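One-letter residues, chain by chain:
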Amino acid sequence: MSAAELTPPEAALWADRAGLPLRADRHAAVAATANHIHSVVAVLRELDFGDTPPAAAYRAGEEKNDAAA
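Rules used throughout
- Residues numbered from 1 in each chain as written.
- Predicted model: local features only at pLDDT ≥ 70, side-chain atom pairs only at ≥ 80, totals over all residues.
- Heavy atoms only, no water.
- Helix = DSSP H or I, 4+ residues; strand = E, 2+ residues; numbered from the N terminus.
- Buried < 20%, exposed > 50% of the residue type's maximum accessible area, 1.4 Å probe, protein only.
- Axes fitted to C-alpha atoms, helices over the stretch in contact; angles between N-to-C directions.
- Parallel < 35°, antiparallel > 145°, perpendicular 65-115°, else oblique.
- Contact = heavy atoms within 4.5 Å.
- Nonpolar A, V, L, I, M, F, W, Y, C, P; charged D, E, K, R; others polar.
- Patch = residues over 30% accessible without salt bridge, like charges linked within 9 Å, V, L, I, M, F, W, Y side chains within 5 Å.
- Areas by Shrake-Rupley, 256 points an atom, 1.4 Å probe, with all protein chains shown as cover.
- Salt bridge = Lys/Arg side-chain N within 4 Å of Asp/Glu carboxyl O.
- Expected span 1.5 Å × (residues − 1).
- Arc of directions from axis to C-beta.
- Phe/Tyr/Trp six-rings, centres within 6.5 Å; stacked < 30°, edge-to-face > 60°.
- Lys NZ or Arg CZ within 6 Å of the ring centre and 35° of its normal.

**A closer look at the overall build of the protein chain**
The helix and strand tally for the protein chain stands at 2 helices and 0 strands. Counting all 69 residues of the protein chain, 10% fall into the buried class.

Spelled out as structure tokens, the structure:
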């Protein structure tokens, strides 16, 4: 998919290709939802996590609660 927004007919086409045919009254809603998800993911892709360890490295209960630390 390009950077252009997904149109309702394109949403119907992609859904049909995935084996999920949509009723005509759902095309616009699905396209709007897909465009919203795409915009959120685009923002997340711009974040620089730098030296942030992966979630698997997090150990619940081992945080330091000392504000001076």
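Next comes the rest of the write-up.
**A few points about the packing of helix α1 (residues 8–17) against helix α2 (residues 27–46)**
Here α1 crosses α2 at 90°, and the two axes come no closer than 8 Å. When the axis of α1 is compared with that of α2, the two are roughly perpendicular. Contact with α1, carried on its side by Pro8, Ala11 and Ala12, involves His27, Ala28, Val30 and Ala31 of α2 and no other residues of that element. A breakdown of the residues in the contact of α1 with α2 according to their chemical character gives 6 nonpolar, 1 polar and no charged.

**Here we look at a nonpolar patch on the surface**
A contiguous nonpolar patch, built from Val40, Leu44, Leu47 and Phe49 and spanning about 370 Å² of accessible area, is present on the exposed surface. Examined against the element boundaries, leucine 44 turns out to sit in helix α2.

**Re the environment of alanine 32**
Structurally, the position occupied by alanine 32 is in helix α2. Sequence separation of alanine 32 and leucine 6 is 26 residues, and the distance between their C-alpha atoms is 7.8 Å.

**Side note on α2**
Taking 1.5 Å of rise per residue, 20 residues should cover 28 Å, and α2 covers 29 Å from first to last C-alpha, within 8% of that figure. Buried within α2 we find His27, Ala31 and Asn35. Projected down its long axis, α2 carries its buried residues within an arc of 65°, all on one side. Buried residues along α2 sit against α1.

**A look at α1**
Think of an α-helix as 3.6 residues a turn; residues three or four steps apart then line up on the same face. Within α1 the residues assigned to the buried category are Ala11, Ala12 and Ala15. Projected onto a plane normal to the axis of α1, the buried residues spread over an arc of 100° and lie on a single side. Among the exposed residues of α1, those oriented more than 90 degrees off its buried face are Pro9 and Arg17. Buried residues along α1 sit in contact with α2. Following α1 by one or two positions, glycine 19 adopts a phi angle in the positive range, close to 80°.

**Topic: the packing of aromatic side chains**
According to the stated counting rule, one finds 0 aromatic pairs in the structure shown. Here the basic side chain of arginine 17 rests over the ring of tryptophan 14, its NZ or CZ set 5.0 Å away from the ring centre.

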